Amino acid sequence: MTRLKAHYAARDIEARILEAIRGAGLNPEQQLSPDDLGALDHFHTGGLRASRELIGLAGIQAGDQVLDIGAGLGGCARLLASSQDCRVDCIEYSPDYCAGAVLLNRLTGLADRIEMHEGSALDMPFPADSFDVAWMQNVGMNIEDKPALYAEIHRVLKPGGRFAFQEMAGEGLPTSYFPLPWATDPGDSFLISADEMQSLLRASGFTAEVFEDTSEAHLNSAAAPAAPQSLTLGVFVDNLGEKAGNARRSLEEGRIRLVRGVFRAG
Ligand SMILES: C[S@@+](CC[C@H](N)C(=O)[O-])C[C@H]1O[C@@H](n2cnc3c(N)ncnc32)[C@H](O)[C@@H]1O
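Everything numeric in this text was worked out from a predicted model, so none of it was measured.

Omega for the bond connecting Phe 178 with Pro 179 falls within 30 degrees of zero, at 5 degrees, which places this linkage in the cis form. Assignment of secondary structure puts Pro 179 in the loop between β5 (157–170) and α8 (194–203). Phi is positive for Asp 129, close to 60 degrees, though the residue is something other than glycine. Mapped onto the secondary structure, Asp 129 falls in the loop between β3 (114–118) and β4 (131–137). Of note in this structure, Asn 239 is not a glycine but carries a positive phi near 50 degrees. When you line up the elements, Asn 239 lands in the loop between α9 (215–220) and α10 (240–252). For Asn 239, a count of 13 C-beta atoms within 10 Å gives the class partly exposed.

Laid out in structure tokens, this is it:
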């Protein structure tokens, strides 16, 4: 198993998810809504709120064919399929997360609109010009070869398609607190600056429509309303408190920045 797969491993994930759903007082066999699961399956800074904001910024519409890159448990894919009536393909590197996503797609009644593909964002099993929107939240930090990543995203987008993303940028200071939610140690964390990200995207054929640093807004935002205790990222992320605490401290000290953008493929 690669180090990154080990970082995102979650043994018996299906049993853990089912236990957490029951522990929250929900019946997994009575169709769950994506909102019921929001605190469990949006594994990125800002959670469900950030996903809703990015949908608005990207102007995602009914009928859009969407690709969710590094989809994790597929929380965003289910939000897009249910709230925007999109059809979504997901590419995800962790086999455990793929298994969790397939389960949750079934329990929410969305399996016919979402397809999980286990694989790498650097070599996607889709023909050129397949998607209206490529969506990626808190994934780029794991991928060292950004030019290859952006070229692959540009390849699978239709001409004029949008790439909507959020991720952490690095701003010169070392990211010295580990583990982080996306990496156990520095070997799997590849942060570039916001300026470098934009210039690499431009060099890959994208034009910026939105690019913003939301670090302060995130740090100042009120905590999300308490979710049922059992339905949290901690169901499948080990040492969540320590990882989230290190990310917040790095953000507060300006070692990392939270950015998001919508870029159009030329
Ligand atoms: C922090 S999680 C975010 C998951 C999801 N985007 C979300 O917001 O809930 C990062 C995800 O990126 C996936 N990932 C990392 N590198 C990848 C790659 N090269 N190809 C596909 N997925 C990758 C990981 O397996 C993990 O599920």
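With that out of the way, let us pick up the site of the ligand. Residues in contact with the ligand amount to 24 residues; listed here are only the nearest, Phe 43, His 44, Gly 70, Gly 72 and Tyr 93. Only α5 (75–83) and β2 (87–92) provide two or more residues apiece to the shell around the ligand. Looking at side-chain class alone, the shell around the ligand contains 13 nonpolar, ten polar and one charged residues.

Ranked by size, the top nonpolar core spans 76 residues in total, and within it Val 66, Leu 80, Ala 134, Trp 135 and Phe 163 carry the most contacts. Non-local contacts of Trp 135, meaning those with residues more than four positions away in its chain, are made with Val 66, Leu 67, Asp 68, Ile 69, Cys 76 and Ala 164.

A few words on the sheet that holds strand β1 (residues 65–69). Spatially, β3-β2-β1-β4-β5-β7-β6 is the arrangement adopted by the seven strands of the open sheet, whose pairing is mixed. Both edges of this open sheet fall to β3 and β6 (206–213), since each of them pairs with a single strand only. Taking each pair of neighbouring strands and ignoring which way they run, the sheet shows an average axis angle of 15 degrees. With six bridges joining them, β4 and β5 adopt parallel strand pairing.

Calculation notes
- Residues numbered from 1 in each chain as written.
- Predicted model: local features only at pLDDT ≥ 70, side-chain atom pairs only at ≥ 80, totals over all residues.
- Helix = DSSP H or I, 4+ residues; strand = E, 2+ residues; numbered from the N terminus.
- Buried ≥ 20, exposed ≤ 12 C-beta atoms within 10 Å, placed from the backbone.
- Near = placed C-beta within 6 Å.
- Nonpolar A, V, L, I, M, F, W, Y, C, P; charged D, E, K, R; others polar.
- Core = buried A, V, L, I, M, F, W, Y, C linked by C-beta atoms within 7 Å.
- Contact = placed C-beta atoms within 7 Å.
- Pairing = 2+ DSSP bridges.
- Axes fitted to C-alpha atoms, helices over the stretch in contact; angles between N-to-C directions.

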